[in-house]
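Residue-level structural notes
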Amino acid sequence: MARTPLIAGNWKMVLDHQQGTLLVQKLDWTLKDAKHDHGAVEVAVLPSHTSLRTVQTLIEGDRLALKLGAQDVSAHESGAYTGEVSAAQLAKLGVTYVAVGHSERRQYHGEDDAVVRAKTRRALEHGLTPIVCVGEPLEVRREGTHVPFTVAQVTAALEDLQPAQVAGLVLAYEPVWAIGTGEFASPADAQEVCEALRAAVAGQFDAATAQAVRVLYGGSVKPANIASIMAQPDVDGALVGGASTDAGDFAAIVRYREHPA
Ligand code: 13P
């Protein structure tokens, strides 16, 4: 089964809604020319919650070929959770994707596997597509246990889900040591873990589910390294941080098919 590649830009806490608007307009302009095949690669942007409404209005109003994503979601349905944003609220805003378990949430906000699982389920209940993020810190990579470490994170996040739910979601392998450091995992490193995560899904669910689930790589993805990463058989896209806040760089990443691996 052919999996549609997904390039998602995680803006983190970088752009405000005006800067976000400008970026989306520039991005759309840059991707408009005839050489870019909009159907071949799905493109998503994940702004801060404060920019979601503005970016949604722009995407819908101008019918842009971009999907909207959020960077986080509450594990709770609704109620007295000051500062949190619910899956229902995101769904109402036309959000398609939501990142759960990003390493910055795990590291700075104490999110463990149980929280990531709860958020994944909550997102699915409201028709959002979770991008379940996993990845090992440097110590784990040095010990050589990055495969069992990331497989355990995925297995915990997907526990008790239905195969059809898993087939439709997205996994993202983001080694912590490669995030924002300029140090990117080699294409072979990315392939090793993405392949292992797919095999883990096959073991936990079934082969068809594993073939359908999309697995992204994230960590210092740039125009210069995206083509070699995308050439890996088990890598179905990228979760891009820093380079996604520059319209030219992000567009060049989206157009990876046009440059050599
Ligand atoms: P960088 O691309 O800045 O390394 O960030 C990766 C990331 O964390 C995307 O979610």
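Residues numbered from 1 in each chain as written. Predicted model: local features only at pLDDT ≥ 70, side-chain atom pairs only at ≥ 80, totals over all residues. Heavy atoms only, no water.

1. So, helix α1 (residues 17–31)
With 15 residues, α1 extends 21 Å from end C-alpha to end C-alpha; this agrees with the ideal 21 Å at 1.5 Å per step. Gly 20, Thr 21, Leu 23, Val 24, Leu 27, Asp 28 and Leu 31 are the residues of α1 that are buried. Along the axis of α1, the buried residues cluster in a sector spanning 165°; they form a single face. Exposed side chains of α1 directed beyond 90 degrees from the buried face belong to Gln 18, Lys 26 and Trp 29. Among the structural elements, β2 (42–46), α2 (49–61) and α12 (247–254) are those in contact with the buried residues of α1. The N-terminus of α1 is capped by Asp 16, whose side-chain oxygen sits 3.0 Å from the backbone nitrogen of Gln 18. (Helix = DSSP H or I, 4+ residues; strand = E, 2+ residues; numbered from the N terminus. Expected span 1.5 Å × (residues − 1). Buried < 20%, exposed > 50% of the residue type's maximum accessible area, 1.4 Å probe, protein only. Arc of directions from axis to C-beta. Contact = heavy atoms within 4.5 Å. Polar contact = N/O pair within 3.5 Å; in protein donor to acceptor, adjacent residues only side chain to side chain.)

2. Let's talk about the site of the ligand
Every residue near the ligand is listed here: Asn 10, Lys 12, His 102, Glu 174, Ala 178, Ile 179, Gly 180, Gly 219, Ser 220, Leu 239, Gly 241 and Gly 242. In this structure, an oxygen atom belonging to the ligand sits 2.8 Å away from a side-chain N or O atom of Lys 12. In this structure, an oxygen atom belonging to the ligand sits 2.9 Å away from a side-chain N or O atom of Glu 174. The fraction of the free accessible surface of the ligand (310 Å²) that becomes covered by protein chains is 96%. Looking at the shell around the ligand residue by residue, the class counts come to 3 nonpolar, 7 polar and 2 charged. (Near = heavy atom within 4 Å. Areas by Shrake-Rupley, 256 points an atom, 1.4 Å probe, with all protein chains shown as cover. Nonpolar A, V, L, I, M, F, W, Y, C, P; charged D, E, K, R; others polar.)

3. Topic: the nonpolar core
Core analysis: the largest hydrophobic core is formed by 66 residues, its most contacted members being Ile 7, Leu 158, Leu 171, Val 201 and Tyr 217. When residues no more than four places from it in sequence are discounted, the contact partners of Tyr 217 are Tyr 173, Pro 175, Ala 178, Phe 184, Ala 185, Ala 190, Ile 229, Val 235, Gly 237, Ala 238 and Leu 239. (Core = buried A, V, L, I, M, F, W, Y, C linked by side-chain atoms within 4.5 Å.)

4. Here's the deal with the pairing of strand β7 (residues 214–218)
Burial within β7 is extensive, with 5 of its 5 residues counted as buried. As judged from the 2 bridges shared by β7 and strand β8 (residues 237–240), these two strands associate in the parallel manner. Bridge assignment links Gly 218 to a residue of β8, and that residue is Leu 239. (Pairing = 2+ DSSP bridges.)

5. A closer look at the packing of helix α7 (residues 146–158) against helix α9 (residues 187–204)
Between two packed helices, the angle of one axis relative to the other and the distance separating the axes together describe the packing. At their nearest, the axes of α7 and α9 sit 9 Å apart, and the two run at 40° to each other. Relative to α9, the element α7 is oriented oblique. The element α7 and its partner α9 pack so that their crossing is right-handed. Seen from α7, the contacting residues are His 146, Val 147, Thr 150, Val 151, Val 154, Thr 155 and Leu 158; seen from α9, they are Glu 192, Val 193, Ala 196, Leu 197, Ala 200, Val 201 and Gln 204. Its residues assigned to classes, the contact of α7 with α9 shows 9 nonpolar, 4 polar and 1 charged. (Axes fitted to C-alpha atoms, helices over the stretch in contact; angles between N-to-C directions. Parallel < 35°, antiparallel > 145°, perpendicular 65-115°, else oblique. Left-handed = near helix turned anticlockwise from the far one by under 90°.)

6. As for the packing of α1 against α2
Packing of α1 against α2 brings their axes to within 9 Å, and their N-to-C directions diverge by 35°. Of the two possible hands of crossing, α1 and α2 adopt the one that is right-handed. Counting all contacts with α1, which are made through His 17, Thr 21, Val 24 and Gln 25, the residues of α2 involved are Thr 50, Ser 51, Thr 54, Val 55 and Leu 58. For the contact of α1 with α2, the class distribution of residues is 3 nonpolar, 6 polar and no charged.

7. Digging into unusual backbone geometry
When glycine is set aside, most residues are seen to have a negative phi, and most peptide bonds are trans. At Arg 63, a residue that is not glycine, the phi angle is positive and equals roughly 50°. Residue position: Arg 63 is located in the loop between α2 and β3 (67–70). Owing to a relative accessible area of 76%, Arg 63 belongs among the exposed residues under this scheme. Positive phi, normally seen in glycine, also occurs at Asp 160, with a value near 70°. Inspection of the secondary structure assignment puts Asp 160 in the loop between α7 and α8 (163–168). When its relative accessible area of 59% is taken as the criterion, Asp 160 is described as exposed.

8. Examining the pattern of salt bridges
Scanning the model with the defined rule gives 18 salt bridges in all. Of the charged contacts, one joins Arg 105 and Asp 72 as a salt bridge, the two residues approaching to 3.4 Å between their closest N and O atoms. With Arg 105 in helix α4 (residues 103–108) and Asp 72 in the loop between β3 and α3 (87–92), this residue pair connects regions lying 33 residues apart in the sequence. By relative accessible area, Asp 72 is classed as buried at 13%. Between Arg 122 and Glu 77 there is a salt bridge; the shortest N-O distance is 3.1 Å. (Salt bridge = Lys/Arg side-chain N within 4 Å of Asp/Glu carboxyl O.)

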